[in-house]
Amino acid sequence: MPIDLNEHLKKKNEQLGKEEPKKSDNNSPKNSGFKPPHIPQNFYINKKISTLIGVIIIVVIVLIAKPFVVINSGEIGIKVTAGKYDNTPLQPGIHFFVPVIQNIIVVDTRVRTINFSRTEDMGVVGKNQGIFRNDAINVMDSRGLTVSIELTVQYRLNPQTAPQTIATYGLSWEQKIINPVVRDVVRSVVGRYPAEDLPTKRNEIATLISSDISKEMSKFPNSPVELSSVQLREIVLPQNIKEQIEKVQIARQESERVRYEVERSKQEAEKVAALAKGEADASRIKAQGVADAIVIEAKAKSQANRSIAQSLTDKLLQLRQIETQSKFNEALKTNKDAQIFLMPGGAVPNIWVDSKNKQKNTSASGK
């Protein structure tokens, strides 16, 4: 059976009250006529419980009021006091404020993305991840045809001027700054071209869109946005323009094929002509070489004969005659029957006939 603590303390105090008169002391309150007040023991217990309850109530109030905020990296805080925005942004960390009178707005300063697309095929994950999707931009080309442009814009809130930006445009500042500027610039740039020229001038158009958006952003006071990149993803043309472009491309490919065949045939003909010319040149060079060799040989022989003729003087001929006569004389010593006919004028050579060889002489005389 549970014991009631209060009842137990009450009985204990009654017992102490009954025993107290039995004590005798000259200095006791009975002799002096003073009796101290009776303080129950549960008074102190109730006081501790009340203090604990008060602390719990204060903690609950603090948690509900939450007079502090934690700012993470990639974020800044904007303190608002009685509706007035403080121009100095709060850096990452813990910051305290006075509830009801003050408030701290936390804004993201990391790079954010807006996808202008026809469908939600860009993997949109929501504002918490800094990715948004807007409808594709419909543009009228220079001839009034409707063209759809899809692109991606990356940007970030300028941390230094974020309080002024939020105070001016509110928390939906992106739809008030980025969206209208991008749409106006795209319509202005694409509207200068006919639809069929857009695919071939894609790079030129993308460069113009990016540069013009940067110029328009720089016109805003306090530079609220820092532009990171603008990417032109797709140019969606009307169906009839697509078919026309496809026909032109097919015709162009056929023309390129024919031009290639003609060029190839021309190159083959030039190759054959070059080979024939090379062979002709080689034959001509070869014949010229042979002719030059004959001429050189003839000139050499002529020069040799001329040199020999120039060297045949009368004294040299007499010397050769003497030498020849000497050889005949030597021959006559061994063949005494030989007959020698001397040429008129003593010319060389003389004729030597062997008389012993009658058959030879006969054939010689017969001739």
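First, a word on what this report is: a plain description of the structure on this page. (Residues numbered from 1 in each chain as written. Predicted model: local features only at pLDDT ≥ 70, side-chain atom pairs only at ≥ 80, totals over all residues. Heavy atoms only, no water.)

### Looking at the sheet that holds strand 3 (residues 84-85)
For the record, the criterion: Pairing between strands is defined by DSSP: at least two bridges between the two strands are required. Runs of E in the DSSP output that reach at least two residues are strands. Runs of H or I that reach at least four are helices, and both are numbered from the N terminus. Here, residues are in contact when the closest pair of their heavy atoms is within 4.5 Å. Only C-alpha atoms enter the line fits that serve as axes; for helices the fit covers just the stretch in contact. Angles between N-to-C directions range over 0 to 180 degrees.
Pairing is antiparallel in the open sheet, where 3 strands are placed in the order 3-2-5. One side of each edge strand has no neighbouring strand; the edge strands of this open sheet are strand 3 and strand 5 (102-108). Each of strand 2 (75-81), strand 3 and strand 5 is contacted by helix 4 (residues 162-169), which is oriented at about 60° to strand 2, the strand it contacts most.

### Describing the pattern of salt bridges
Put simply, the test is: What makes a salt bridge here is a side-chain nitrogen of Lys or Arg within 4 Å of a carboxyl oxygen of Asp or Glu, nothing more. Exposure categories follow from relative accessible area, calculated using a 1.4 Å probe and restricted to protein chains: below 20% of the type maximum is buried, above 50% is exposed, and the middle band is partly exposed.
Counting across every chain of the model gives 14 salt bridges. For Arg112, the salt bridge identified is with Asp108, shortest N-O distance 3.6 Å. Judged by relative accessible area, which is 10%, Arg112 ranks as buried. Judged by its relative accessible area of 17%, Asp108 is buried. Salt-bridge contacts for Glu297 lead to Lys301; the nearest nitrogen and oxygen are separated by 3.5 Å. Of this pair, Glu297 and Lys301 both sit in helix 7 (residues 239-311), 4 residues apart, which is roughly one turn of that helix.

### A closer look at the packing of aromatic side chains
Short version of the rule: A pair of aromatic rings is counted whenever rings of Phe, Tyr or Trp (Trp by its six-membered ring) have centres within 6.5 Å, and the orientation is called stacked for planes under 30 degrees apart, edge-to-face for over 60 and tilted otherwise.
One pass over the structure, following the stated rule, counts 3 aromatic pairs. Considering the side-chain rings of Phe68 and Phe96, the 6.0 Å spacing of their centres and the 55° angle between planes classify their relative orientation as tilted. Of the two residues, Phe68 sits in strand 1 (residues 68-71) while Phe96 sits in strand 4 (residues 93-96), which places them 28 residues apart along the sequence. Between the aromatic rings of Tyr169 and Phe220, the centroid separation amounts to 6.5 Å while the plane-to-plane angle is 70°, which identifies the pairing as edge-to-face. With Tyr169 in helix 4 and Phe220 in the loop between helix 6 (202-218) and strand 10 (225-236), this residue pair connects regions lying 51 residues apart in the sequence. Like Phe220, Tyr169 is buried.

### Observations concerning the pairing of strand 1
Burial along strand 1 is one-sided: Val69 and Ile71 are buried, and none of Phe68 and Val70, which face the opposite way, are. Summarising the sheet, strand 1 and strand 4 pair through 4 bridges and their orientation is antiparallel. Looking at the pairing, Ile71 lines up with Gly93 of strand 4.

### A closer look at unusual backbone geometry
Leaving glycine out, the prevailing phi sign among residues is negative, and the prevailing peptide bond configuration is trans. At Ala82, a residue that is not glycine, the phi angle is positive and equals roughly 50°. Look at Asn222: it is not a glycine, yet its phi comes out positive at around 70°. Positionally, Asn222 belongs in the loop between helix 6 and strand 10. What makes Asn222 partly exposed here is its relative accessible area of 46%.

### Things to note about a nonpolar patch on the surface
The line we're drawing: Patches here are clusters of residues that have more than 30% relative accessible area and form no salt bridge, with a 9 Å joining cutoff for like charges and a 5 Å cutoff for nonpolar side chains (Val, Leu, Ile, Met, Phe, Trp, Tyr). Exposure was quantified through the Shrake-Rupley algorithm and a 1.4 Å probe, taking into account, for residues, occlusion by the shown protein chains and nothing else.
Residues Ile49, Ile53, Ile57 and Ile61 make up a contiguous nonpolar surface patch of about 360 Å² in total accessible area. Tracing the backbone through its elements, the reader meets Ile53 in helix 3 (residues 42-65). By relative accessible area, Ile53 is classed as partly exposed at 45%.

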